[in-house]
Structures are given as structure tokens and as C-alpha cells.
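Structure at a glance
Listed here are the chains, written in short residue letters.
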Amino acid sequence: MRFKILRSLPAALLVAAAACSSGDKPQAPSTPPAGAQHVDAATAGSIVGRVTFEGSPPENPPVKISGDPNCARANPNGLAFENYIVENGGLDNVFVRVKDGLGNYAFDAPAEPVKLDQQGCRYVPHVVGVRVGQPVEISNSDETTHNIHSLPDTNREFNLAQYQKGQKNVETFTVSEVMIPLKCDLHSWMRAYIGVVEHPYFAVTTGGGKFELKNLPPGTYTVEAWHEKAGTQTLRVTVGEKETKEIGFTYKTTSAN
């Protein structure tokens, strides 16, 4: 028997509200700066690096998924939170971006959507970046009901129900904001984080904390690393013409929570 809304009345009301809620926060349109420049690919450089974790990371606690039999069937070996994903000393799921230093450069938003899936009763990917004005396609690949509830400080809040497998919704963010939590009100452990930026110079660490920021114009930048539990760090970096600059961030056990 399919699990739909065989929960308490409050949970049912949450889904009903999600079906028609799209938030009411005012939006400030993003406009290019006066005299905007475009990047000269012939002189552009890049930043490459790695985010490492020093010491033993906190253990990811198990998720209690027994309340939804569909989620339990999708995870026969159990499910753990994704707070700290460390591979060979490198910390994954860190959002790295150029925070400032781009001046009057302007960038067109891609038409290709960023895709975020609800798969095995978790968000995949867990951390994702998107450009201001770029579509975000959020889908449900599970045999259960989910709702997609964004919790922004600046952008418009949305709260959408997805009752069936294969259902998709497309949203856009109109203001730069790092980070925006995304949750499912029916499955409290489900969380994702979206970084919304106006330029293409961002990455999410993977493969043991690795990242790359390509095609940067020469200049001096503040680069920020964000992690959902360990917090943020910044570095000041100067990139010359056609230069590849290597940098690194290190989180420690004392900074973890």
C-alpha cells in the first residue's frame, strides 16, 4: 500500500498548504552594473584547490526513517545525515565561490536548468550552486509524497507539494544569496543547500574536497568556503593573466559542531 499522507492531521495540513504556497517576499531585480565588462578568455586564469579536514570529523548520526515505509524500503541498510563527508582527508559538500573582486564584470544567466532530485528520501545533490535567474528543476524520484520548502532570507520563499513519482517543479532565484536551506516538511531529515550567485565562479567540493574556478579575469579576489556545520572561511587571492593559482582551506575538529 502506497504511503501518501497516512500521518497526523498537522502533516496533512502542511502538504495542503504547500500545494498553494509560493511566499510573499518582495523581489529586487538583479541588473548588470553600469559599463559592465565581459571576460577576455585570452587572458583569463583559474583558481584550483582543496578543502581539507584536520582531525577526526564528527560522526554522522543515523536517520530515523521508520515512519515512512517507502523511505525505509529505499534504504534497507539505513540512512545517515550528510553533515560531514570526508574522503582521504578532503571535505566534500563545501560551497566555494568568489565573494568579491569582480568589479563591473557581468554574466548572462544560463538557460539550462540546475537539477535537484528527491531520491531515496534525500536531496541529491546535497549542496548545489545556481546563477541568479537560472532555472532550478526540482523532481521527485520517490514512491512517496514530498514537499519542497525553501527558507531564504532575501529571495521569495516557496513551499510546493509533489505527490507523485516523476513530478517536477521549476523555480528561479532573482537575488544573490548564500546559502538557502531547502527542506521537506514531511521528512524532517531531508535538507539541501542552494548557493545563488551572479557569476559562474563557484563550485561544490567533491572527490576529496577538490574544486576549480575557471576562466577568471586577472585580479584580486576574496574566495569564500562555506560548510553547513563547520562555517565559513575566506582567502585573499591574486590571479595574473593566464595564471593558475592553487589555494587551500582547512577545517579542524575544534571548528566542527
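1. Notes on the overall build of the chain
Of the regular secondary structure elements, the chain holds 2 helices and 18 strands. Counting the 257 residues in the chain, one finds 46% classified as buried. Partitioning the contacts of the chain with sequence separation of at least 6, the portion at a separation of at least 24 is 68%. Working note: accessible area of the chain is about 12,500 Å², and carbon and sulfur atoms make up 50% of it.

2. Focus on the sheet that holds strand E6 (residues 123-124)
Through backbone hydrogen bonds, the strands of a sheet pair up, either in parallel or in antiparallel fashion. Read from one edge of the open sheet, 4 strands run E6-E5-E8-E11, paired in mixed fashion. Each of the sheet's edge strands pairs with one partner strand only, and the pair in question is E6 and strand E11 (168-171). Pairing of strand E8 (residues 136-140) with E11 involves 4 bridges; the strand directions are antiparallel. Residue pairing in the sheet places Ile138 in a bridge with Asn169 of E11.

3. Some remarks on the environment of Pro125
Mapped onto the secondary structure, Pro125 falls in the loop between E6 and strand E7 (127-131). Residue classification places Pro125 among the partly exposed residues on the basis of a relative accessible area of 31%. Along the primary structure Pro125 and Asn93 are separated by 32 residues, whereas in three dimensions their C-alpha atoms are 8.9 Å apart. The contact partners of Pro125, leaving out residues within four places of it in the chain, are Lys115, Leu116 and Ala192.

4. Topic: the confidence of the model for the chain
The predicted model of the chain has a mean per-residue pLDDT of 88, with 85% of residues at 70 or higher. Confidence drops under a pLDDT of 50 for residues 1-29, and excluding neighbours within four residues, the segment shows 53 contacts in the predicted structure.

5. So, the state of the cysteines
Inspection of every chain in the model, using the stated rule, returns 1 disulfide. Disulfide partner of Cys71: Cys121, at an S-S distance of 2.0 Å. Note on the Cys71 and Cys121 pair: the S-S dihedral is about -85°, so by sign convention the disulfide is left-handed. Note that Cys71 is positioned in helix H2 (residues 69-74) and Cys121 in the loop between strand E5 (114-118) and E6, a separation of 50 residues in sequence. Grouping residues by exposure puts Cys71 and Cys121 together as buried. Its sulfur unpaired, Cys184 is 8.1 Å from the next cysteine sulfur, which belongs to Cys71.

6. So, the pattern of salt bridges
Under the counting rule described, the total for this entry stands at 9 salt bridges. With a shortest N-O distance of 3.5 Å, Glu224 and Lys99 are connected by a salt bridge. Highlighted residues: Glu224 in strand E16 (residues 219-227) and Lys99 in strand E4 (residues 95-100), separated in sequence by 125 residues. Residue Glu224 is classed as buried on the basis of its relative accessible area, which comes to 7%. Exposure remark for Lys99: the relative accessible area of 43% places this residue in the partly exposed category. Lys165 is the salt-bridge partner of Glu143, the closest N and O atoms lying 3.8 Å from each other. Here Lys165 lies in the loop between strand E10 (159-162) and E11 and Glu143 lies in the loop between E8 and strand E9 (146-150), a separation of 22 residues in the sequence. Residue Glu143 is classed as partly exposed on the basis of its relative accessible area of 40%. A single salt-bridge network, built from bridges that share partners, covers Arg97, Lys99 and Glu224.

7. Focus on the sheet that holds E9
The 5 strands are arranged E7-E13-E12-E9-E10 in an open sheet whose pairing can be described as mixed. Every other strand in the sheet has two partners, leaving E7 and E10 as the edge strands with one partner each. For this sheet, the mean inter-axis angle between neighbouring strands, taken without regard to orientation, is 25°. Sheet topology places E9 next to E10; 4 bridges connect them, and they run antiparallel. Looking at the pairing, Ile148 lines up with Leu160 of E10.

The rules behind these values
Residues numbered from 1 in each chain as written. Predicted model: local features only at pLDDT ≥ 70, side-chain atom pairs only at ≥ 80, totals over all residues. Heavy atoms only, no water. Helix = DSSP H or I, 4+ residues; strand = E, 2+ residues; numbered from the N terminus. Buried < 20%, exposed > 50% of the residue type's maximum accessible area, 1.4 Å probe, protein only. Contact = heavy atoms within 4.5 Å. Areas by Shrake-Rupley, 256 points an atom, 1.4 Å probe, with all protein chains shown as cover. Pairing = 2+ DSSP bridges. pLDDT = per-residue confidence, 0-100. Disulfide = S-S within 2.5 Å. Salt bridge = Lys/Arg side-chain N within 4 Å of Asp/Glu carboxyl O. Axes fitted to C-alpha atoms, helices over the stretch in contact; angles between N-to-C directions.

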